[in-house]
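# Commentary on secondary and tertiary structure
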Amino acid sequence: HGSTSDDGFKGRVEESQSDLEDRLNEACSAFELRSVAFGLLWISVDQGAMLRLTHGRDASEAMLAIVERTLQHALHPNEVLGRWGTNEFLVLCYQPNGESLEAHAQHIAGLARTSDFRWWGDRVSLTVSIGAVAVSEGDTAPALLKRAQTALRSSQYLGGNRASYLNATRPAAGKPVATRHRNTSPIVADPISTIPVGLEPGANGALYDGGEPCSQL
């Protein structure tokens, strides 16, 4: 199963995707039985697919190991980090509300930009896209993952290097809901708050695998 670090990291790293799924299911059960709130961050390395294509699997795995180590520095106590799929990670967070979850996601995205990766003399600047969601009444692990993936795709569609928070509130047809957006007063918009990190949309050439884009602020 997972392990804690001996070099100052405060969170937990799961060694397999199945172990991470177990932790997520346990968190959903704890929320249902004892109202223990938590959130989920789905993190994708924007350059991951292209790096694997141009430099090969070994370079991609070396890069992901560096990103994982960088992400560990951002973990809070009791948080869980694990690999998810080929170029992605999940973080199980215990933040008290959506606003603090957004801020945590923004911090992680900024920290990931400091990752220094070099491969045979080539320096690759790294950024991440993040989808952030908070557990809501009636959520199951699949439902939470689906929302997190929707938020992630939103970040990727806008060029990557950003964190997007998807509110669980689902507006009735034709009735948008009020959503907080960082550094602005409440406005009326679709329930996604997107936070760019340092670059303008599209500047890092992040890949997007298709589908309908999400509504953005």
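What comes next concerns the included structure. (Residues numbered from 1 in each chain as written. Predicted model: local features only at pLDDT ≥ 70, side-chain atom pairs only at ≥ 80, totals over all residues. Heavy atoms only, no water.)

### A closer look at unusual backbone geometry
As a reminder, the rule being used: Counting from the N terminus, the helices are the DSSP runs of H or I reaching at least four residues and the strands are the DSSP runs of E reaching at least two.
Of note, Ser-35 is a non-glycine position whose phi angle comes to about 60°, a positive value. Unlike most non-glycine residues, Asn-161 shows phi in positive territory, near 55°. Mapped onto the elements of the fold, Asn-161 is located in the loop between α5 (141–157) and β9 (162–166).

### Looking at the packing of helix α2 (residues 48–55) against helix α3 (residues 57–73)
Packed helix pairs are specified by the crossing angle of their axes together with the interaxial distance, meaning the distance between the axes. Rules: Angular values range over 0 to 180 degrees, each being the angle between N-to-C directions of two axes fitted as lines to C-alpha atoms, with helices fitted over their stretch in contact. Contacts: residue pairs with any heavy atoms within 4.5 Å of one another.
Direction vectors running N to C along α2 and α3 enclose 145°, while the axes themselves pass 7 Å from each other. Between α2 and α3, the contacting residues are Gly-48, Leu-51, Arg-52 and His-55 on the first element and Arg-57, Ala-59, Ser-60, Glu-61, Met-63 and Leu-64 on the second.

### A closer look at the packing of helix α1 (residues 17–34) against α5
To keep it simple, the criterion reads: Here the word oblique covers every angle except those under 35 degrees (roughly parallel), over 145 (roughly antiparallel) and from 65 to 115 (roughly perpendicular). As a working rule, the residues Ala, Val, Leu, Ile, Met, Phe, Trp, Tyr, Cys and Pro are called nonpolar, Asp, Glu, Lys and Arg charged, and the rest polar, with Gly in that last group.
For the pair α1 and α5, the least separation of the axes is 9 Å and the interaxial angle reads 110°. It follows that α1 is roughly perpendicular to α5 by the angle criterion. Within the contact between the two elements, α1 uses Leu-24, Asn-25 and Cys-28 and α5 uses Ala-141, Leu-144 and Leu-145. When its residues are assigned to classes, the contact of α1 with α5 shows five nonpolar, one polar and no charged.

### Some words on the packing of aromatic side chains
As a reminder, the rule being used: For Phe, Tyr and Trp, where Trp contributes only its six-membered ring, two rings pair if their centres lie within 6.5 Å, and the inter-plane angle classes them as stacked under 30 degrees, edge-to-face over 60, or tilted in between. Exposure classes here rest on a 1.4 Å probe applied to the protein chains alone. A residue is buried below 20% of its type maximum, exposed above 50%, and partly exposed in between.
On inspection of all chains with the given rule, the structure shows three aromatic pairs. Aromatic pair Trp-42 and Trp-84: ring centres 6.2 Å apart, planes at 80°, arrangement edge-to-face. Here Trp-84 lies in strand β4 (residues 80–84) and Trp-42 lies in strand β3 (residues 39–45), a separation of 42 residues in the sequence. Judged by its relative accessible area of 7%, Trp-42 falls in the buried class. Taking the centre distance of 6.3 Å and the plane angle of 20° together, the rings of Phe-117 and Trp-119 count as stacked. On the accessibility criterion, Phe-117 (1% relative accessible area) is buried.

### Remarks on the environment of Ala-151
The residue Ala-151 is located in helix α5 in this model. Spatially, the C-alpha atoms of Ala-151 and Leu-166 are 5.6 Å apart, while their sequence positions differ by 15 residues. Beyond its immediate stretch of four places on either side in the chain, Ala-151 contacts Ile-130, Gly-131, Ala-132, Ser-164 and Leu-166.

### With respect to the pairing of β3
Spelled out, the test is: A pair of strands is treated as paired once DSSP finds two or more bridges between them.
With seven of seven residues buried, β3 lies mostly within the body of the structure. Burial along β3 is two-sided: the face carrying Gly-39, Leu-41, Ile-43 and Val-45 and the face carrying Leu-40, Trp-42 and Ser-44 are both buried. Bridge count between β3 and strand β5 (residues 88–93): six bridges; the pairing is antiparallel. Counterpart to Leu-40 in the pairing with β5 is Leu-92. In terms of strand pairing, β3 meets strand β8 (residues 128–134) through seven bridges, oriented antiparallel. The residue bridging Val-45 from the neighbouring strand is Val-128, located in β8.

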